[in-house]
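Commentary on secondary and tertiary structure
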Amino acid sequence: MKNILLLILVCLGNMWTLKAQEHPVIYASASDKAAILQKIADEEWAKEAFIKIRGNVEKYADRHTADPQWIISRLAMYWKEGERYTQCYLKNQNWDRGEGDAPVPTVRMPGMRTWNKYYNVPLEDRQPYNETGDMLGLNRQNPSAPPVLVPYKESGHMVRGNNVEILTLAENAAFVYWVTGEEKFARFAADIFNTWLIGTYYMNPILDPEKSTGGTGGWEPGGICGYYDYEQIHDDLALHAATVYDFLYDYLKANPHVHLKEIGKETKEVAGVVFKRFIDIGFIRGGKSGNWNVNGWNMILRPILVLEENEAYPDRKGKDYYLHYLTNESTIYHDAIPDMVKAYDPVTGLWPESPGYSFGTIQMLLDWAILLKRSGIDVIADNPILQKAAMAVFPWMDDAANMVVFGDSRGGSANFLTFENLLTYYTQTANKKGIESTAAALNKGLLLGKYDRSNADWTGICTYVPTIPLVKSETSERTSYSPHHRFITMKNWTGPFKMMAALYGGTDGYHLTANGLALQLYGYGYALAPDAAAYESYWSKDHVYHQSPVGANTILPGYSEGKIVIEAMEPMVESGRFVNEKTLTPFLNFADISAGEKRRTVALVRTSDSDGYYIDIFRSDLNDNDYLFHNVGTNLEVVDVRGNILPFNQQDKFERTYHAGYEWFTNIRKTEYDRNFIASWTMPENITARLWMTGEKGRQIYKVDAPATTLNKGLTPGNVSMPPSVTPTLIVRQEDNNAKAHPFVSVYEAYKGDTPHVKQVTAMSVGENCAGVKVLTGNKREDYVFSATDSQVYSLASRTFFSGTFGLISEVGGKIYSMYLGKGRLLQKGNYSLEAEQNVYATIYQVDGIWFYSATGPVKVKIGKMERILDEGYNKLLNIK
């Protein structure tokens, strides 16, 4: 009897010590509620954000009060009695069949792993109680076309997208209920959650007998398949459901689903079972490292955080058990945070993959940091690389705060939630320096009009600090270089006319692409000459165009990926740095890089606060080359230097192609022309781009229609060159004429209105290894540009001499205004010269009639009668009278 009593007491003691998880817990707790209410009352951004969130969901909550089946009927479920499957099978990574019949409708699996070109029609137009899984879809390539019925097995991510959309409405409603206490929001969210919960409870993990996803599925480890998606990194239903559960915990406990009463189970018990399925399968599937690992953890972190402590479960695996393997100990299936952060480059702060993944991963990690700190785990303090990784977005951002597009990234605005999370953390930890740096980043986004706090979702209302300190953002970065990505950005944002270019080599892997030695040119907040990124998915047919040299601005055939060499650069990015420390001149950027048999020199030349142009000198040590140049626009016109339109003949096909991606060029027109010409692209917003190209023997010019450039609105002027529109593209073919000795030399400008700045471009005959061009601009300025691949002293007309990699001489009204010598020993015109015994970067230039000089080493400077030997210095006054 004593033993029985002792056992009872021990059990009761365990019950008393087993403290239940308090809810909400993920993004807020009961003790935070007063501060959040105060934030909504006092801060205009929070008030506006909450009004939007409430407004977006209230119409559905009101409708639910009168018609509680309307929203439920739009969930994608196996509705039909006799076909309420409990076990699904996939084949070749697509849904194959289902078995079993649950006592309630079960949640429908997506129809296929791969994407398609359709997206769901509005919620109001979707079929209620859809028993087939066929989905009404709108075509991304032609959104104005009527919707079509997409078969279930061809529906891509439409089924999952449908359920995520509805669960997200439930999330918002649950938050509004927590803030306001209005029961209509709770009822709406609870009915969605409960239908999803019991419909998932009866479903076993999908089986893959032929291992098309790398494993057999079910409960066996290995492969990429999740519980409710064919890729664990997209298995996000529980992510949304967990936050509904968190805010509605007490309401769900008091108002369980009728079926749970029938089977004698509580909501907490069934929710624990379901969430742990997503977690346990996520633990043994997906990818161990890279973005797969980070995305995989992101799918399961919120379900982990709503679990009880370990002892609450028969397997003793609760919240703390799972968090240990995220924060401390890697497994054979997934790296923990200490190993994740090793992927970030300690110099640049960049993730090794393309921009979308690079900044997507840091955004997730910093979001976790805020959530984990609520659980007493500080991951930022031990990993300072996280702040560097967040700040690394700025060199890869254009002047409209959009990220650069290369590799398989889509571009679009940087995610300022990254900086909000850091600001929250630094405020909590009273880190003044951290507060200042992240506040400056946020203020920059606000200043550019690319960030608006009132667009925050409910997570922002919970976690953002009430106000952003007013800290001015100071940025001196003009050049950035990531050796791993083989990617250079060049910027000149000193005046209202912002200039930017990206020059980069190809990489096969890390979600980067074998794009050749490629160039992008920017103007007016857009990538006007971009890298193509309008493919639907890796599996779509046009992937061969968009993710290849054919979709980039490069030369084919030849180099597509591999090592690049920085031959020269201004401003220079020193070894061990991501961005430049010093600048020699406010008027010029250039980079000269070689890759394989290719070598490309690109320069940004600013001629005033409101004008400037780009130089592109592209060498290719092949006898036959195609120069590809894509520019967004509605029309491409090619004229001679007198403005006469060149006659083009329609072609059925190219006589020769260098890549399978050429098949995606349509409307092929050709002319034989070997002299100077001007190509002009017309764009909305009254923008015109012009490319002057000097002539060479063996030239043929093609005008073609390339596929659309982007799927994202706001990245092109007036959203031009989005589907179903095309991208007007220029191809200059040079045959039997080696393009190393006879390179493609062009001058590019973008302008608004009817008055171009560049008036004339003339090739200067220099030598086999030296190219020269004279540029006349509208302010009576004449620029002489030189680019050489050897150290020979070249003697030019008008008492001009040059020995170096890059040279620029500018005259205004016949008088020299500036001279720049890039990695060279001599630049001279008349009585003006820069001369050095060893290769230097050096310049002399005027500002308001006052002479300045810069040099990286000793240089003899001659200006008229003045001659001096000057040491290294940067933007120093010359004191010439």
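Residues numbered from 1 in each chain as written. Predicted model: local features only at pLDDT ≥ 70, side-chain atom pairs only at ≥ 80, totals over all residues. Heavy atoms only, no water.

1. Some thoughts on helix 16 (residues 417-428)
Taking 1.5 Å per residue, twelve residues should reach 16 Å; helix 16 reaches 16 Å between its end C-alpha atoms and fits that length. Buried within helix 16 we find Leu 417, Thr 418, Phe 419, Glu 420, Asn 421, Leu 422, Leu 423, Thr 424, Tyr 425 and Tyr 426. Of the surrounding elements, those touching the buried residues of helix 16 are helix 14 (355-374), helix 15 (385-391), helix 17 (432-447) and helix 18 (458-463). Just past helix 16, the residue Ala 430 takes up positive phi, approximately 55°. (Helix = DSSP H or I, 4+ residues; strand = E, 2+ residues; numbered from the N terminus. Expected span 1.5 Å × (residues − 1). Buried < 20%, exposed > 50% of the residue type's maximum accessible area, 1.4 Å probe, protein only. Contact = heavy atoms within 4.5 Å.)

2. Some thoughts on the nonpolar core
In this structure, Trp 196, Phe 275 and Trp 368 are the most contacted members of the largest nonpolar core, which totals 164 residues. At 13 residues, the largest contribution of residues to this core is made by helix 5 (residues 158-180). Core analysis: the next-biggest nonpolar cluster, separate from the first, contains 49 residues, Val 573, Ala 595, Leu 646 and Met 683 among them. (Core = buried A, V, L, I, M, F, W, Y, C linked by side-chain atoms within 4.5 Å.)

3. Some details on the packing of aromatic side chains
Summed over all chains, the structure comprises 62 aromatic pairs. Residues Trp 196 and Phe 278 carry aromatic rings whose centres are separated by 6.1 Å and whose planes lie at 25° to one another, so their mutual orientation is stacked. On the criterion of sequence distance, the pair formed by Trp 196 in helix 6 (residues 183-201) and Phe 278 in helix 10 (residues 267-283) is long-range, its members being 82 residues apart. Exposure remark for Trp 196: the relative accessible area of 2% places this residue in the buried category. According to the relative accessible area criterion, Phe 278 is buried, its value standing at 3%. Both rings, one in Tyr 627 and one in Phe 629, keep their centres 6.4 Å apart while their planes meet at 5°; by these two values the pair is stacked. Judged by its relative accessible area of 1%, Phe 629 falls in the buried class. Among the aromatic residues, ring-to-ring pairing joins Phe 193, Trp 196, Tyr 227, Tyr 228, Tyr 245, Tyr 249, Phe 275 and Phe 278 into one connected group. The ring centre of Tyr 152 lies 4.7 Å from the NZ or CZ of Arg 108, which sits over that ring. (Phe/Tyr/Trp six-rings, centres within 6.5 Å; stacked < 30°, edge-to-face > 60°. Lys NZ or Arg CZ within 6 Å of the ring centre and 35° of its normal.)

4. Some points on helix 6
Taking 1.5 Å per residue as the helical rise, helix 6 with its 19 residues ought to reach 27 Å, and the 26 Å between its terminal C-alpha atoms agrees with that figure. Across the 19 residues that make up helix 6, a large majority, 16, are buried.

5. A look at the pairing of strand 6 (residues 135-139)
On a regular strand, one side chain projects to one face of the sheet and the next to the other, so that they alternate. The buried count for strand 6 comes to four of five residues, which makes it a mostly enclosed element. Strand direction decides the pairing type here: strand 5 (residues 118-120) and strand 6, joined by three bridges, are antiparallel. Counted as the bridge partner of Asn 120 is Gly 137 from strand 6. Sheet analysis places strand 6 next to strand 7 (residues 148-150), joined by three bridges and oriented antiparallel. Across the sheet, the residue bridging to Met 135 is Val 150, located in strand 7. (Pairing = 2+ DSSP bridges.)

6. Focus: unusual backbone geometry
At the junction of His 23 and Pro 24, the peptide bond is cis and its omega measures out at -5° in the coordinates. If you trace the backbone, Pro 24 turns up in the loop between helix 1 (2-17) and helix 2 (33-42). With an omega of 5°, the peptide bond running from Leu 556 to Pro 557 counts as cis. Looking at the secondary structure, you find Pro 557 in the loop between strand 15 (555-556) and strand 16 (565-570). You will see that Asn 92, though not glycine, has its phi angle at about 55°, which is positive. With respect to the helices and strands, the residue Asn 92 is situated in the loop between strand 2 (87-91) and strand 3 (94-99). What makes Asn 92 exposed here is its relative accessible area of 55%. Backbone geometry at Glu 685 places phi at a positive 65°, although glycine is not the residue there. In this structure, Glu 685 sits in the loop between strand 24 (677-683) and strand 25 (687-693).

7. What about the side chain of Ser 409?
Secondary-structure assignment places Ser 409 in the loop between strand 8 (402-403) and strand 9 (412-413). The exposure class assigned to Ser 409 is buried, which follows from its relative accessible area of 4%.

8. As for the pairing of strand 34 (residues 815-829)
Pairing geometry for strand 33 (residues 800-812) and strand 34, over twelve bridges, is antiparallel. Note that in strand 34 the partner of Thr 800 across the bridge is Lys 829. Between strand 33 and strand 34, which pair antiparallel in sequence order, lie two residues; one of them, Gly 813, sits at a positive phi of approximately 60°. Relative to strand 35 (residues 832-847), strand 34 runs antiparallel, the two sharing nine bridges. Paired with Leu 821 across the two strands is Ala 842, which belongs to strand 35. The antiparallel pairing of strand 34 with strand 35 creates a hairpin that spans two residues between the two strands, and Gly 830 there sits at a positive phi of about 60°.

9. A look at the packing of helix 7 (residues 237-247) against helix 11 (residues 290-305)
Two elements in contact, helix 7 and helix 11, have axes separated by 8 Å at closest approach and are oriented at 25°. One way to sum up the angle between helix 7 and helix 11 is to call them roughly parallel. The two elements helix 7 and helix 11 cross, and the hand of that crossing is left-handed. Contact with helix 7, carried on its side by Ala 238, Leu 239 and Ala 242, involves Asn 298, Met 299, Arg 302 and Pro 303 of helix 11 and no other residues of that element. Among the residues making up the contact of helix 7 with helix 11, the classes are represented as five nonpolar, one polar and one charged. (Axes fitted to C-alpha atoms, helices over the stretch in contact; angles between N-to-C directions. Parallel < 35°, antiparallel > 145°, perpendicular 65-115°, else oblique. Left-handed = near helix turned anticlockwise from the far one by under 90°. Nonpolar A, V, L, I, M, F, W, Y, C, P; charged D, E, K, R; others polar.)

10. Some thoughts on the environment of Tyr 784
Inspection of the secondary structure assignment puts Tyr 784 in strand 31 (residues 781-788). It is 11 Å that separates the C-alpha atoms of Tyr 784 and Leu 796, two residues lying twelve residues apart in sequence. Polar contacts involving the side chain of Tyr 784 include one to the side chain of Glu 782, which spans 3.3 Å. (Polar contact = N/O pair within 3.5 Å; in protein donor to acceptor, adjacent residues only side chain to side chain.)

11. Let's talk about the sheet that holds strand 14 (residues 526-529)
Here we have five strands laid out as an open sheet, ordered 10-11-12-13-14, and antiparallel in their pairing. In the strand order of this sheet, the two ends are held by strand 10 (479-482) and strand 14, each with one partner. Going across the sheet, the axis of each strand differs from the next one's by a mean of 20°, ignoring polarity.

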